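An overview of the molecular structure
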Amino acid sequence: MTDATARLDPYLEIAPIDRRIFGGFVEHLGRHIYDGIFEPGHPTADENGFRQDVIELVRELGVSTIRYPGGNFVSGYRWEDGIGPVDERPRRLDLAWHATETNRIGLHEFQQWLDAVGSDLMLAVNLGTRGTAEALDLLEYANTIVPTAWTEQRAANGHPEPFAVKMWCLGNEMDGPWQLGHRNAEDYGKLASRTAKAMRQLDPSIELVACGSSGRTMPTFGSWEREVLQHTFDDVDFISCHAYYQERDGDAQEFLTSGEDMARFIASVVATADHVAAERGSDKRIMISFDEWNVWYLDRWEAQQKQYGADEWPIAPRQLEDSYSALDAVVFGDLMITLLQHADRVRSASLAQLVNVIAPIMTEPGGPTWRQTTFFPFSLTSRLAQGRAVRVPVTAGTVPSARFGDVAAVNAVATVDDDGATLFLVNRSVSDAATVRVDLSPLGAAGLAVVEAHLLHEDDLAAANTLEDTDRVGIRRADARVTDAELTVALPPVSWAAIRLGSA
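To keep things clear, this report deals only with the structure shown in the data block. Everything numeric in this text was worked out from a predicted model, so none of it was measured.

On the basis of which strands lie adjacent, the open sheet formed by seven strands has the order E2-E15-E19-E20-E26-E22-E23 and antiparallel pairing. The outermost strands of the open sheet, each flanked by one partner alone, are strand E2 (13-16) and strand E23 (476-477). As paired elements, strand E15 (residues 388-391) and strand E19 (residues 410-417) share four bridges and run antiparallel to each other. Its bridge partner lying in E19, Arg 391 is registered against Val 413. Sitting on the sheet, helix H10 (residues 326-341) touches E2, E15, E19, strand E20 (420-427), strand E22 (448-456) and strand E26 (495-503), and the angle it makes with E19 is about 55°. Packed on one face of the sheet, helix H11 (residues 375-384) meets E19, E20, E22 and E26 and runs near 160° to E22.

Okay, the pairing of strand E4 (residues 65-68) next. Where burial is concerned, the two faces of E4 agree: the one with Thr 65 and Arg 67 and the one with Ile 66 and Tyr 68 are both buried. By the bridge criterion, two bridges tie strand E3 (residues 23-25) to E4 in an arrangement that is parallel. Of the residues in E4, the one forming a bridge with Gly 24 is Ile 66. The β-α-β motif built from E3, the intervening helix H1 (residues 52-61) and the parallel element E4 has right-handed crossover chirality. As defined by bridge partners, E4 adjoins strand E7 (residues 120-125) across four bridges and the pair is classed as parallel. In the strand pairing of E7, Tyr 68 is matched with Leu 123.

Turning our attention to H10. Think of an α-helix as turning once every 3.6 residues; residues three or four places apart then point the same way. Here H10 is 16 residues long and its end C-alpha atoms lie 23 Å apart, about the 22 Å a rise of 1.5 Å per residue gives. Of all 16 residues in H10, 15 are buried; the element is thus mostly enclosed. At the N-terminal boundary of H10, the capping side chain belongs to Ser 325, with an oxygen 3.3 Å from the backbone nitrogen of Leu 327.

Turning next to the packing of H1 against H11. For any two helices packed against each other, the geometry is given by the interaxial angle and the distance between the axes. As a packed pair, H1 and H11 sit with axes 8 Å apart at the nearest point and diverge in direction by 60°. In terms of orientation, H1 and H11 fall into the oblique class. Contacts between H1 and H11 pair Leu 57, Glu 60 and Leu 61 from the former with Phe 375, Phe 378, Ser 379 and Ser 382 from the latter. Split into classes, the residues belonging to the contact of H1 with H11 amount to four nonpolar, two polar and one charged.

Another point: the nonpolar core. With 123 residues, the main nonpolar core has Phe 110, Trp 113, Trp 168, Leu 170, Tyr 188, Phe 290 and Trp 293 as its most contacted residues. Here this core takes 10 residues from H10, the largest share from any one element. Contacts of Tyr 188, omitting those with residues within four sequence positions, involve Leu 127, Leu 170, Met 174, Arg 183, Ala 210, Cys 211, Trp 224 and Val 228. Judged by nonpolar contacts, the second largest core, of 28 residues, contains Val 390, Val 450, Ala 478 and Ala 497.

Parameters and conventions
Throughout, a residue's number is its position along its own chain's written sequence, starting from 1. The predicted nature of this model means local features are confined to residues of pLDDT at least 70 and side-chain atom pairs, given and counted, to a pLDDT of 80 or more, with totals for whole chains, interfaces and linings taken over all residues. In computing side-chain values, all of the structure's heavy atoms are included and hydrogens and water are not. At least two DSSP bridges between two strands are required for those strands to pair. A run of DSSP states H or I qualifies as a helix once it reaches four residues; a run of E qualifies as a strand once it reaches two. Both are numbered from the N-terminal end. Only heavy atoms enter the contact rule, under which two residues are in contact if any of them lie within 4.5 Å. All axes here are fitted lines through C-alpha atoms, helices being fitted over the stretch that makes contact, and every angle between N-to-C directions spans 0 to 180 degrees. The classification of residues rests on relative accessible area computed with a 1.4 Å probe and restricted to protein chains. Under 20% of the type maximum is buried, over 50% is exposed, and intermediate values are partly exposed. Crossover handedness is defined by viewing with both strands directed away from the observer: a clockwise path from the first strand over the helix to the second marks the crossover as right-handed. Under the convention used throughout, the expected extent of a helix is 1.5 Å for every residue step, that is, one less than its residue count. Think of a polar contact as two N or O atoms within 3.5 Å of one another; within protein, one of them needs to be a possible hydrogen donor and the other a possible acceptor, and neighboring residues in sequence only count if both atoms come from side chains. Oblique is the label for every angle not falling under 35 degrees (roughly parallel), over 145 degrees (roughly antiparallel), or within 65 to 115 degrees (roughly perpendicular). Residues are grouped as follows: Ala, Val, Leu, Ile, Met, Phe, Trp, Tyr, Cys and Pro are nonpolar; Asp, Glu, Lys and Arg are charged; every other residue, Gly included, is polar. Buried Ala, Val, Leu, Ile, Met, Phe, Trp, Tyr and Cys residues form a nonpolar core when they are joined through side-chain atoms within 4.5 Å.

Written out as structure tokens, the structure is:
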């Protein structure tokens, strides 16, 4: 048993929470769109062919801004293929995921789905195989109100009013050799700068995201951010971070320190961006769009890639359909804590992805949909994290990490709003339970009580929700109570908790 102490002080404010930190990501990949969000023959399908059971779960998940249409897919995508009469749209080979894209779903249809789920659109432009002119065409089509050939075509296609897209990604993972149109930092930085300047001439109100590294282990990490920002600093608002985590070699304890890796990733990118600002004598602060993050068993995908021959280009194959365990969900919850701990610089984040593809929501064609284990920490955090993010220093024991040395066994963050506060905690130890005592006196805790107490924990770390048993893992009530301005929370080994405090 580990004893831990903490103090919830509203004056330890990190920043107001930008709701875009609870964003998602939808890519034309596998069964994400076709047989995922879109299945016209399904019993729950609406008049547009969208599964209403999926829509309900996405609403419950609470995603804010959704990045679209990729991802690796976007670097070979011609956005014009997805507009106009559906039966006239061309089929294309998707080189990123070795599949056939029918273009049945494009910008207009995806906006219909976004309207149904209540999320905003974040568009990525193709800077892999295309460039500035095509990005301008898409921006004019999406955002311009002045009558032009593009806006008249938009109206003819059923959307007279602009889509009014606020956030735009300048390409995707351009540092990666796997990316169509891969460039070095100098070439990408120059192209991104030219494109950003042109897009701002057309619509000065947009916010732009430059591609950062596609992972902290990339050989160009750090130097990539520095050089790209030296070219784009005056032109962009965000630089992206991408990170995926998985348990390796059955080492659950090492996997549980993934939040420490994410924290160091963010700190490094912030330091690099601020170094570029200092070189320029600028007070501007580049923010982070952590627009791809999740648990992803990448090794499984690398094995799966070999299943199709050169002449096999399937439509919506089953790809990247990871099944998530209770252990995965606890790590996932810790990653959400880490994002909130950096709310001063992480102003946007996109869970990659939403449905079927490394996703919190799964579907079966013609059958049910269900919540994966990772659904629960996201939906609860999105709902309960309101107002301002607040640091919660914890005094506790440590767990060992081969990469990071001794890492805090208990990690925590809080949010404070006009109606109360919410504390998010994780126990990273595979062996020791923890009793956490939190001093609430700085909140003026008289009359405070536990309003909600949620715990994610399973004795069987491999437990998962599957088609055969869709409700195997869920949320239970946490053992949490307030006595004399002190909150006590019991955390079993490998557990995540969300405690809502309000008036008694």
